[in-house]
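Examining the three-dimensional arrangement
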Amino acid sequence: MISLDRKQVDRTPLVACIGYFDGLHKGHQALIHATIEEAKKRGCASGLITFSPDPWVTLKGIRPNEEEHLTTMQQRIALAHEYGIDKVFVLDFSKKVATLSPDDFLSRILGQLNLQCLVCGYDFHFGAFGKGDGAYLKANAPFAIIEVGEVSEDGIKISSTRITELVKAGEMEKAEQLMGRPFETAGTVVHGLANGHKLGFPTANLSCPVEYVRPRGGVYAGYFIHNGEKYKAMINFGHNPTVVWQSHMSLEANILDFEGDLYGQKASLQFKKYLRPEKTFDSIDDLIAQLKKDQETVRELLA
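Small disclaimer: the values here were computed from a predicted structure and weren't measured.

The strand order across the open sheet built from 5 strands is 3-2-1-4-5, with neighbouring strands paired in parallel fashion. Since the sheet does not close on itself, it has two edges, and those belong to strand 3 (87–92) and strand 5 (144–148), each with one partner. The sheet shows a mean angle of 30° between the axes of neighbouring strands, taken without regard to direction. Of the strand pairs in this sheet, strand 1 (residues 10–18) and strand 4 (residues 113–121) are connected by 5 bridges, and their pairing is parallel. Each residue of the ladder has a partner; that of Cys17, found in strand 4, is Val119. Along the sheet face, helix 1 (residues 26–42) touches strand 1, strand 2 (45–52), strand 4 and strand 5 and points at about 145° away from the line of strand 1. Seen against the sheet, helix 3 (residues 73–82) touches strand 2 and strand 3 and runs at an angle of roughly 150° to strand 3.

It is worth spelling out the sheet that holds strand 12 (residues 250–255) at this point. Pairing within the closed barrel is antiparallel, and its 6 strands lie in the order 8-9-12-11-10-13. Ignoring which end each strand starts from, the neighbouring axes of this sheet average 45° apart. Taken together, the 7 bridges between strand 10 (residues 218–226) and strand 13 (residues 266–276) define a ladder with antiparallel strand orientation. Looking at the pairing, Val219 lines up with Arg276 of strand 13.

A word on helix 8 (residues 172–179). Taken together, the buried positions of helix 8 are occupied by Met172, Ala175, Leu178 and Met179. The buried residues of helix 8 occupy an angular sector of 125° when projected down its axis, which confines them to one face.

Glancing now at the pattern of salt bridges. For side chains bearing opposite charge, pairing can occur when the charged atoms are close. Summed over the entire model, instances satisfying the criterion amount to 11 salt bridges. Across the pair Glu176 and Lys272 runs a salt bridge, and its minimum N-O distance is 3.0 Å. Of this pair, Glu176 sits in helix 8 while Lys272 sits in strand 13, and the two are 96 residues apart along the sequence. Judged by relative accessible area, Lys272 falls into the partly exposed class, the value being 21%.

Once that is clear, we can look at the packing of aromatic side chains. We describe a pair of aromatic rings using the distance from one ring centre to the other and the angle between the two ring planes. A complete count under the given rule lists 8 aromatic pairs for this structure. With a centroid separation of 5.8 Å and 70° between ring planes, the pair formed by Phe51 and Phe93 is classed as edge-to-face. In this pair, Phe51 is assigned in strand 2 and Phe93 in the loop between strand 3 and helix 4 (95–98), connecting sequence segments 42 residues apart. Taking 5.6 Å as the distance between ring centres and 15° as the angle between the ring planes, the aromatic pair formed by Phe124 and Phe126 counts as stacked. Judged by its relative accessible area of 10%, Phe124 is buried. Each residue in the set Phe105, Phe124, Phe126 and Tyr136 is aromatic and connected to the rest through ring pairs, giving one cluster. Here the basic side chain of Arg76 rests over the ring of Tyr20, its NZ or CZ set 4.5 Å away from the ring centre. Across from the ring centre of Tyr223, 4.6 Å away, lies the NZ or CZ of Lys230, which sits over that ring.

On to the side chain of Glu153, then. Mapping Glu153 onto the fold places it in strand 6 (residues 152–153). In this structure Glu153 is buried but unpaired, with Lys26 as the nearest side chain of opposite charge at 4.6 Å. Here Glu153 is in contact with Ile158, Arg162, Lys174, Gln177 and Leu178, once residues within four sequence places are set aside.

Glancing now at the nonpolar core. In terms of nonpolar packing, the biggest core is built from 29 residues, with Ile18, Ile49, Leu110, Leu118 and Leu137 touching the most fellow members. Of all the secondary-structure elements, those providing two or more residues to this core are strand 1, strand 2, strand 3, helix 4, helix 5 (102–109), strand 4 and helix 6 (134–140). Ranked by residue count, the leading element in this core is strand 4, at 4 residues. Setting aside chain neighbours within four positions, we find Ile49 in contact with Ile2, Ala16, Cys17, Ile18, Gly19, Phe21, Phe89, Leu110, Leu113 and Leu118. Ranked by size, the runner-up nonpolar core spans 27 residues in total, among them Leu178, Phe183, Ala204 and Ala233.

Another point: the environment of His191. Among the structural elements, His191 can be located in the loop between strand 8 (183–190) and helix 9 (195–199). His191 sits in the exposed class, given a relative accessible area of 62%. Considering only alpha carbons, one finds His191 and Ile18, 173 residues apart in sequence, at a separation of 40 Å.

What counts, and where the lines are drawn
- Residues numbered from 1 in each chain as written.
- Predicted model: local features only at pLDDT ≥ 70, side-chain atom pairs only at ≥ 80, totals over all residues.
- Heavy atoms only, no water.
- Pairing = 2+ DSSP bridges.
- Helix = DSSP H or I, 4+ residues; strand = E, 2+ residues; numbered from the N terminus.
- Axes fitted to C-alpha atoms, helices over the stretch in contact; angles between N-to-C directions.
- Contact = heavy atoms within 4.5 Å.
- Buried < 20%, exposed > 50% of the residue type's maximum accessible area, 1.4 Å probe, protein only.
- Arc of directions from axis to C-beta.
- Salt bridge = Lys/Arg side-chain N within 4 Å of Asp/Glu carboxyl O.
- Phe/Tyr/Trp six-rings, centres within 6.5 Å; stacked < 30°, edge-to-face > 60°.
- Lys NZ or Arg CZ within 6 Å of the ring centre and 35° of its normal.
- Lys, Arg positive; Asp, Glu negative; His and termini not counted.
- Core = buried A, V, L, I, M, F, W, Y, C linked by side-chain atoms within 4.5 Å.

Limitation: the analysis is restricted to geometry and does not speak to function.
Given below as C-alpha cells:
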C-alpha cells in the first residue's frame, strides 16, 4: 500500500501504468500492454498503480457499499498479474492524498517508487481538482511518460461506465466484447431456501460483495467456477416469485453435470448470455417445464 506515511515503498526499477482500472477492460489492457513492452525494452519490472477506495468515495463522500464496480480490488490485482504485470501498488486514496497538488503527488506519492517510465491514459488527471495531467507530467516528471490514446468500439470509447450500463441491461455478450472476458462475480456459497432442490434443480447460492454492479434480473447461461474447474450453469438473479417471493434478489446457479457439497467454499459465476426475465408461473409444473427448457438452452449455447 502506498500512503503519505511511507517512503520508498519499492526501489525496483519500474515501468508502471496508473489508473483505477475497474473492469480491466480492453482500454485498460492497452495501457498494460504498453507498460509491459516498455518494461522489456528498459529491462525493468512492470507495475500497475491503482487506488483504494474508489476516488469517488473520497471526493464525493459516497459510502463504499453504494459505489458499484465491475471488479473487486482482489479481482483487479489477480487479473493484472494474469495479464503479465509483475507488481501491483495500491494507493491509499485518503482525503489528504485527494488534496495534494500535482507537484506533491509527483514527489510524495510517485516518488516512493523507482519509476523509469509512467504509462497513463490520454485523459488521466491527478492532484487537487484534477489539475495534473499528461502534459504536466511530461513537463515536470523526472521519468519518461507514455500516453495511450482512446480505445474505442463501434466509434465509442470503451469505459467502465459503458460496460456497467451493458451489465445492468443484461447485454452480457457486448459487455464481454468490451472487457475481453465475461462479467464475473466472485463470492462464497451459502445456504438458501433449497427450493431448487425440491423442484429437481438444485442450486448453489452465491453471496457476493455488495459493491458489484447488479445485473439485470432474470435467467442467464453462464459458467460456475470452483477450484479452477469450469461448469456450465443456469444462473438466476432475482426474487423467485413463483415459489417463495423474496424481497432481496438472490444469485444462484443450477450447475450442470455436477454433484458435491459446496457450502462455505469460494466460487465465481461468469455471465455469458441473458435468456429471459423472471416471471410468475401459473403452477409449479409450468415452472419446472420452463426450467427444463432453460437447461437445454444453456447446453446448446455453451456446447
